[in-house]
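Now for the letters of each chain:
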Amino acid sequence: MTKKELKKQEIKKVLNMLINVFNIYNIERDNQYFQFYADYKSHRFQLQMDTRGYDIAGWDSIKLSGDGWSQEQIDKQKFAVELEELMNKYVSKLVAS
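Residues numbered from 1 in each chain as written. Predicted model: local features only at pLDDT ≥ 70, side-chain atom pairs only at ≥ 80, totals over all residues. Heavy atoms only, no water.

(A) Main features of the environment of Met17. Along the chain, the position of Met17 falls in helix H1 (residues 3-22). Judged by its relative accessible area of 12%, Met17 falls in the buried class. Each C-alpha atom of the pair Met17 and Leu47 lies 15 Å from the other, and the pair is 30 residues apart in sequence. (Helix = DSSP H or I, 4+ residues; strand = E, 2+ residues; numbered from the N terminus. Buried < 20%, exposed > 50% of the residue type's maximum accessible area, 1.4 Å probe, protein only.)

(B) Structural view of the packing of H1 against helix H2 (residues 71-96). Interaxial distance between H1 and H2 falls to 10 Å at its minimum, and their mutual angle equals 135°. In terms of their interaxial angle, H1 and H2 are classed as oblique. The handedness of the crossing between H1 and H2 comes out as right-handed. Counting all contacts with H1, which are made through Glu10, Lys13, Val14, Met17, Leu18, Val21 and Phe22, the residues of H2 involved are Leu83, Leu86, Met87, Tyr90, Val91, Leu94 and Val95. Of the residues that constitute the contact of H1 with H2, the class distribution is twelve nonpolar, no polar and two charged. (Axes fitted to C-alpha atoms, helices over the stretch in contact; angles between N-to-C directions. Parallel < 35°, antiparallel > 145°, perpendicular 65-115°, else oblique. Left-handed = near helix turned anticlockwise from the far one by under 90°. Contact = heavy atoms within 4.5 Å. Nonpolar A, V, L, I, M, F, W, Y, C, P; charged D, E, K, R; others polar.)

(C) Just the side chain of Glu84, in detail. Here Glu84 lies in helix H2. Despite its burial, Glu84 remains without a salt bridge, the nearest opposite charge being carried by Lys76 at 12 Å. (Lys, Arg positive; Asp, Glu negative; His and termini not counted. Salt bridge = Lys/Arg side-chain N within 4 Å of Asp/Glu carboxyl O.)

Structure below.
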């Protein structure tokens with residue numbers, strides 16, 4: 001089996017795990033990235049996974065600076081960070097096995 005075929009299988013395995021564990025949906029490929037959505041603690045998050053290292057990130061996890069943020073916005077940012085960390089932990093375990 002070629003390296004390319006092995007990589008495809010690994011990507012498929014990671015995506016299937018994310019679907020089964022985190023119920024990700026609206027999955028689209030954009031070059032080396034997969035864009036998708038996930039619901040977590042009553043919020044919807046748009047995330048992406050880089051297929052080179054399987055890093056998962058989203059815009060909502062960017063640290064909020066300054067004043068004037070509502071409690072809902074603060075909570076959403078906090079939950080986005082939690083979700084990213086959780087997903088990355090699961091992916092790391094899966095890829096390491």
